[in-house]
Amino acid sequence: MNLNKLIQDIKPHAIIILAFFLVGYIYYKETFNGKIHKEDDVTQGLLKGSELKKYTDEDGNFPGWTNSIFSGMPSTLIKGKPSGNYLKSYNYLTPVSGTSFPFRILFLSFIGFYILMNAFKVKPLYGALAAIAYGFATYSISSVEAAHYTKVEAMALMPAILASLHWLFNGRYFLGGITLAFNMGMQVYYFHYQITFYTIICLLVMGLYYLFALIKEGKTKQLLIATLISVISVGAGVSSNITKIITTSKFADNTMRGGNDMAKVDTSYNQKETGKNGLNRDYAFDWSYGKAETFTLLIPGFYGGSSAEPITEKSKFYEATEGRYDQAPLYFGDLTFTSGPIYIGAIIVFLFFMGMVVVKDNIKWPLLIITIISFILGWGKHFPLVNNFLFDHLPYFNKFRTPMMAFCIAQVTMPLVGFLGIKTLYENWKLSKAAKAKADTQTSLKLDDEKIWKQITYTFYIVGGFCLLMALMGPSFMELEGAVDKEYKAGGSGNIIPILKEDRASLLKKDCLRSFIFIAAVFIYMFTGTSNES
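Calculation criteria
- Residues numbered from 1 in each chain as written.
- Predicted model: local features only at pLDDT ≥ 70, side-chain atom pairs only at ≥ 80, totals over all residues.
- Heavy atoms only, no water.
- Helix = DSSP H or I, 4+ residues; strand = E, 2+ residues; numbered from the N terminus.
- Buried < 20%, exposed > 50% of the residue type's maximum accessible area, 1.4 Å probe, protein only.
- Contact = heavy atoms within 4.5 Å.
- Areas by Shrake-Rupley, 256 points an atom, 1.4 Å probe, with all protein chains shown as cover.
- Lys, Arg positive; Asp, Glu negative; His and termini not counted.
- Charge placed at Lys NZ, Arg CZ, Asp CG, Glu CD.
- Phe/Tyr/Trp six-rings, centres within 6.5 Å; stacked < 30°, edge-to-face > 60°.
- Lys NZ or Arg CZ within 6 Å of the ring centre and 35° of its normal.
- Expected span 1.5 Å × (residues − 1).
- Patch = residues over 30% accessible without salt bridge, like charges linked within 9 Å, V, L, I, M, F, W, Y side chains within 5 Å.
- Salt bridge = Lys/Arg side-chain N within 4 Å of Asp/Glu carboxyl O.
- Polar contact = N/O pair within 3.5 Å; in protein donor to acceptor, adjacent residues only side chain to side chain.
- Core = buried A, V, L, I, M, F, W, Y, C linked by side-chain atoms within 4.5 Å.
- Axes fitted to C-alpha atoms, helices over the stretch in contact; angles between N-to-C directions.
- Parallel < 35°, antiparallel > 145°, perpendicular 65-115°, else oblique.
- Left-handed = near helix turned anticlockwise from the far one by under 90°.
- Nonpolar A, V, L, I, M, F, W, Y, C, P; charged D, E, K, R; others polar.

> Would you mind showing me how to read the overall build of the chain here?
For the chain, the count of helices and strands is 22 helices and four strands. For the chain, with 534 residues in total, the buried portion stands at 47%. If you take every contact in the chain between residues at least 6 apart in sequence, the share linking residues at least 24 apart comes to 73%. Surface exposure of the chain reaches about 27600 Å², of which carbon and sulfur atoms provide 62%. The distance from the centre of the 50 positive side-chain charges to the centre of the 40 negative ones in the chain is 8 Å.

Below, the structure is given as structure tokens:
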């Protein structure tokens, strides 16, 4: 083994991992200075487990029951015994195990997506930028804000799992098999089975793509080997958490997710939260993202931002309330309330559509299918044709709440397709540069370049043009009034709605213009950059 070559190969990745650490440190600097992130869910868990801790400290034995919740219940999912799973101690976060949860989760998100970029052979610098974009997607950040730590940890492993599958079906059996087992084991260990459920959907769709692709290429042996290893690896990863899975399954059968005993014996029995075999559909679909709200992936303020959106002195609501509030209920979507929109990034959305037109690899099609599946599942009750059927017939689907969580899939696939597009442009530029001395090839490449840039320009006109149009005329297209306003009317405060609508219109135009500026800046940079270097 050539040691110098190994060092040179590792060097860029080591620098990037260090950069991830620095970015995370800067963002969560206060947690390194002794401050603690507000953790409502964690605090509730500690309070619920206080009786168990007290008993264990005094008696020395861990009790299997607690009287501090409801009329008493098993303690299994409140505060369990220390796990003997080695994945807990030896994983991606081991080097930073002494840091705060928010920092660790952001760092893991960076690492998980960077692994995916490496699996698809994206240039390290571009892969790092993609990973940072993924880590700072607002659904991850807002989930950390709510202390939904295990959810974001499981989300962070989703791209790494897809990377392992890609390696595996591209002939890198050892690397793909080992990392698939490890990453799957880590995700299941993080104990958020709804994210794992979505991950399995991704694996199945991508698996079907690899199946047809390898059959078409006549690589039956490679297909059989990869399929066998993938089944063994996923099984090994899941089995490493088998005790936790069995315990949780038994526990769930006796909770609202296992169905209502009254409904099982009396079909006319109706209860808001639970049905016969699981959650009640209306209850489970409460947090469904509106179809039109999907535009928040591109424009964060498309539906008013959050239920407590920060405002300035220029706000009409601020003026009307004489400065008593620095936040306003500007959100006007279908959710009961929200701490913020699902915003993947204007640049990422633009790159996604660009990638769909310039990437020649057929892998973009299953990634598009997965993205669409993500939207359909996330729309929940707003797409009843599919989701009602799945809720009634797909195993385990009726155990989950918050359909909008499915947008975590698009959070992976959209930047992936976008940076595959960047990779395509970079490789095309390298070919053009290498072929300058060959007139025939250069003519062919020039024609290819012209075709690609025509496609990118049209993409800019569509995506950027939509943002600009909404910045100029958006408020005239939208009602700017939602479910929360009905409560104001019912409470006799309907006079505040016109004021809120003015602020919503202002936010919409401002965010649309900002998204347009971001997209235009990237488009101009790419165009001028390649023109100057070609």
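> Please clarify how the packing of aromatic side chains should be interpreted in this entry.
Each aromatic ring pair is specified by the distance between its two centres and by the angle formed by the two planes. By the definition in use, this model includes 41 aromatic pairs. Every member of this aromatic cluster is reached through a ring pair, and the members are Phe350, Trp453, Phe460, Tyr461, Phe516, Phe523 and Phe527. The ring of Phe101 carries the charged tip of Arg104 above its face, separated from the ring centre by 4.4 Å. Across the ring face of Phe191, the terminal group of Lys244 is positioned such that the distance to the ring centre comes to 4.9 Å.

> Got a minute to help me understand helix α9 (residues 173-189) in this structure?
An α-helix turns once per 3.6 residues; consequently, residues spaced three or four apart project the same way. The terminal C-alpha atoms of α9 lie 24 Å apart, and with 17 residues this matches the ideal 24 Å at 1.5 Å per residue to within 8%. Of all 17 residues that make up α9, twelve are buried, and the element is covered over most of its length. Looking at α9, one finds that the buried residues are Gly176, Gly177, Thr179, Leu180, Ala181, Asn183, Met184, Gly185, Met186, Gln187, Val188 and Tyr189. Residues of α9 that are buried sit in contact with α8 (149-169), α10 (193-216), α11 (220-239) and α12 (242-253).

> What is the right way to look at a nonpolar patch on the surface in this model?
A cluster of nonpolar side chains, contributed by Ile347, Leu468, Leu469, Leu472, Met473, Phe477, Leu513, Ile517 and Phe518, occupies part of the molecular surface with about 790 Å² of accessible area. Breaking the nonpolar patch down by element, the ones donating at least two residues are α20 (439-477) and α22 (497-533). For the nonpolar patch, the leading source of residues is α20, giving five residues. Looking at where Ile517 falls in the secondary structure, it is placed in helix α22.

> I tried to follow the environment of Leu204 on my own but got confused; where do I start?
The residue Leu204 is located in helix α10 in this model. Given a relative accessible area of 55%, Leu204 falls into the exposed group. Separated by 109 residues in sequence, Leu204 and Pro95 place their C-alpha atoms 33 Å apart.

> When you look at the pattern of salt bridges in this model, what are you seeing that I'm missing?
Two side chains bearing opposite charge may form a pair once their charged atoms approach each other closely. For the structure on display, the rule yields eleven salt bridges. In this structure, the salt-bridge partner of Asp392 is Arg281, at a minimum N-O distance of 2.6 Å. Taken together, the residues Asp392 in helix α18 (residues 384-393) and Arg281 in helix α14 (residues 281-284) connect sequence positions 111 residues apart. The partner of Glu322 in a salt bridge is Arg324, and the shortest N-O contact between them spans 3.7 Å. Taking the relative accessible area as the measure of exposure, Glu322 reaches 67% and is therefore exposed.

> What exactly am I supposed to notice about the side chain of Asp485 here?
Residue placement: Asp485 occurs in helix α21 (residues 483-490). The class for Asp485 is buried, based on a relative accessible area of 0%. Engagement of the side chain of Asp485 in a polar contact is seen with the side chain of Arg504, the distance being 2.8 Å. Apart from the residues within four sequence positions on either side, Asp485 is in contact with Leu480, Ile497, Leu500 and Arg504.

> Would you take a moment to explain the nonpolar core for this structure?
A general feature of soluble globular proteins is that nonpolar side chains tend to end up buried together. Ranked by internal contacts, the top residues of the largest apolar core, which has 135 residues, are Tyr198, Phe350 and Ile456. Residue contributions to this core peak at 15 residues, all from α8. Those residues within four positions of Tyr198 in sequence are excluded, and the remaining contacts are Met158, Leu377, Thr402, Pro403, Met405, Ala406, Cys408 and Ile409. Of all hydrophobic cores here, the second largest spans eight residues; its members include Leu330, Ile496, Ile497 and Leu507.

> Can you help me understand the packing of α9 against α11 in this one?
Any two packed helices are characterised by the angle at which their axes cross and by the distance between the axes. Taken N-terminus to C-terminus, the directions of α9 and α11 make an angle of 30 degrees; their axes are 7 Å apart at the nearest point. Between α9 and α11, the crossing angle belongs to the class labelled roughly parallel. Between α9 and α11 the crossing geometry is right-handed. Each of Tyr173, Gly177, Leu180, Ala181, Met184, Gly185 and Val188 in α9 lies in contact with α11, whose residues at this interface are Gln222, Ile225, Ala226, Ile229, Ser230, Ser233, Val234, Ala236, Gly237 and Val238. Per-class residue counts for the contact of α9 with α11 are eleven nonpolar, six polar and no charged.

> Just to check I follow, could you spell out the packing of α8 against α9 for this structure?
Between α8 and α9, the least distance of the axes is 8 Å, while the angle of their chain directions is 160 degrees. The pairing of α8 with α9 is recorded here as roughly antiparallel in orientation. Viewed along their axes, α8 and α9 form a crossing whose handedness is left-handed. The segment α8 lies against α9, with Ala154, Leu157, Met158, Ala160, Ile161, Ser164, Trp167 and Leu168 engaging Tyr173, Leu175, Gly176, Gly177, Thr179, Leu180, Asn183, Met184, Met186 and Gln187.

> Sorry if this is basic, but what is going on with unusual backbone geometry here?
Comment: phi is negative for the bulk of residues other than glycine, and the bulk of peptide bonds are trans. Residue Lys121 is not a glycine yet carries a positive backbone phi of 60 degrees. Position of Lys121 among the secondary structure elements: in the loop between α5 (101-119) and α6 (124-135). Positive phi is not limited to glycine here, since Phe191 has a value of about 70 degrees. Here Phe191 falls in the partly exposed class, since its relative accessible area comes to 30%.

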